[in-house]
Amino acid sequence: MSISTQNIPLNNGIKMPVFGLGTWQSKSEEVKTAVRTALDVGYRLIDTAFNYQNEDLIGEVLEEYLKTDRVKREDLFITTKLGSILTRPTDVGYSLSESLRKLRLSYVDLFLIHIPLVLKKNDPGNLFPMKDGQLDHDGNVDFEGVWKEMENLVFEGKAKSIGVSNFNASQVERILKVARVKPVVNQVECHAYLQQRKLENVLQKNGIVIMAYGPIGSPGSSAMLTVPGEAPPPVLLEDPVIANLATKYNKSPAQILIRNLLQRNLIVIPKSVTPSRIRENGNVFDFNLSPEDMLTIERIDKDLRMFKFHIMINAPDFPFSDPV
Ligand SMILES: NC(=O)c1ccc[n+]([C@@H]2O[C@H](COP(=O)([O-])OP(=O)(O)OC[C@H]3O[C@@H](n4cnc5c(N)ncnc54)[C@H](OP(=O)(O)O)[C@@H]3O)[C@@H](O)[C@H]2O)c1
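Here the structure is a predicted model, which means the values were calculated and not measured. (Residues numbered from 1 in each chain as written. Predicted model: local features only at pLDDT ≥ 70, side-chain atom pairs only at ≥ 80, totals over all residues.)

A. Region of interest: the overall build of the protein chain. When helices and strands are tallied, the protein chain shows 11 helices and 12 strands. Relative to its length of 324 residues, the protein chain is compact, with a C-alpha radius of gyration of 19 Å against a globular reference of 20 Å. With the principal axes as the frame, the protein chain shows a C-alpha extent of 55 × 50 × 40 Å. By the burial criterion, 45% of the 324 residues in the protein chain qualify as buried. Partitioning the intrachain contacts of the protein chain with sequence separation of at least 6 by distance along the chain shows that 72% fall at a separation of at least 24. (Helix = DSSP H or I, 4+ residues; strand = E, 2+ residues; numbered from the N terminus. Rg over C-alpha atoms; globule rule 2.2 N^0.38 Å. Buried ≥ 20, exposed ≤ 12 C-beta atoms within 10 Å, placed from the backbone. Contact = placed C-beta atoms within 7 Å.)

Quick look at the structure:
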């Protein structure tokens, strides 16, 4: 099996690759090399965001590959997300049109509300305005109004599918109450230490798939994940259970963690800017974890959220105070 043939049908009938490249914190030339490497070895799903400030670089590579017919547009699956300074109905269309301009595309395959958070845009050049040590939020998110504008982008053909990210169960249900177009995914932190089984149940009932971010525990982000005054989170890649399985299957810990999520029928988007790791992470379609080993990994769940988002804890719609 190769990377590019593995798809999952979404609730709107569109097929989405189950595996792709994450690009948060991937900048400058390294993100271009990462996307080129990924496309060369068969990745077709690329995950970016307005907030990541790398869409223009990704767009350069996409144009290069599309112009030379190294990849067809219909085989690519490009995901981007609403800017957090733009999470209001009047700004949704602008956010996607800016992303499309930078990505050099006429449509994205998937457009997500990045996080239920709206930030002040007093200075549009500052994507993360701060006040008193917290992100400077602009009150409550107009969930229903924003979703309506997301739907309009589908009707206009600018986004093939729409979804949410970092939404808790009740926030997803709030969208479902008004949706003419249902969200296809909820992109959330999901890995062996935060397996999200309860959220998965709620989403499954509504035909929504988890798109797992931080699938190998986001090891490069410890400075960002560590809450001042608290110990840093444990390193998932160093878990002894995962290490044992890596030895057993002759694979790396990262490959075991990715394979585990794929066998749960989730969508997985590990990030790397290192060509050898991009290849390694994609080399997970030639083995199966046994049902017993899947269960072994299920047992190491710690319900441990690495991404605490402590700089937005005061935002009125902060999603992670709810247990699910
Ligand atoms: N919606 C959201 O709010 C949200 C939040 C976080 C992430 N995401 C998305 O999900 C993607 C993945 O999450 P993430 O970037 O936080 O974490 P991740 O994919 O779990 O981990 C990425 C880190 O692991 C390293 N790495 C990659 N492959 C490796 C391997 N085989 N062995 C050892 N280390 C390896 C990378 O280093 P190098 O790059 O140096 O190789 C990088 O530091 C993001 O890039 C982004 O697209 C979304």
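B. Seen up close, the sheet that holds strand β6 (residues 108-113). Spatially, the 8 strands line up as an open sheet ordered β3-β4-β5-β6-β9-β10-β11-β12, and their pairing is parallel. Of all strands in the sheet, those bounded by a partner on one side alone are β3 (20-22) and β12 (267-268). Relative to strand β5 (residues 77-81), strand β4 (residues 45-47) runs parallel, the two being bridged by 3 bridges. Bridge assignment links D47 to a residue of β5, and that residue is T79. (Pairing = 2+ DSSP bridges.)

C. View of the site of the ligand. Taken together, the neighbourhood of the ligand is formed by 30 residues, with G22, Y213, G220, A254 and K271 sitting nearest. Ranked by residue count, the leading element in the shell around the ligand is helix α10 (residues 275-282), at 3 residues. Classifying every residue of the shell around the ligand by side-chain character gives 11 nonpolar, 15 polar and 4 charged. (Near = placed C-beta within 6 Å. Nonpolar A, V, L, I, M, F, W, Y, C, P; charged D, E, K, R; others polar.)

D. Fine view of the nonpolar core. Judged by nonpolar contacts, the single largest core of 87 residues is most densely connected at F111, V209, A212, I267 and V268. In terms of residue count, helix α9 (residues 253-263) provides more of this core than any other element does, 6 residues in total. If we ignore the near neighbours within four places in the chain, the residues touching F111 are T80, L96, M150, L153, A159 and I162. (Core = buried A, V, L, I, M, F, W, Y, C linked by C-beta atoms within 7 Å.)

E. Examining unusual backbone geometry more closely. Of note, S28 is a non-glycine position whose phi angle comes to about 40 degrees, a positive value. The topology assignment puts S28 in helix α1 (residues 28-40). A positive phi angle, close to 50 degrees, is found at S218, a residue other than glycine. In this fold, S218 is placed in the loop between β11 (209-213) and α7 (222-225).

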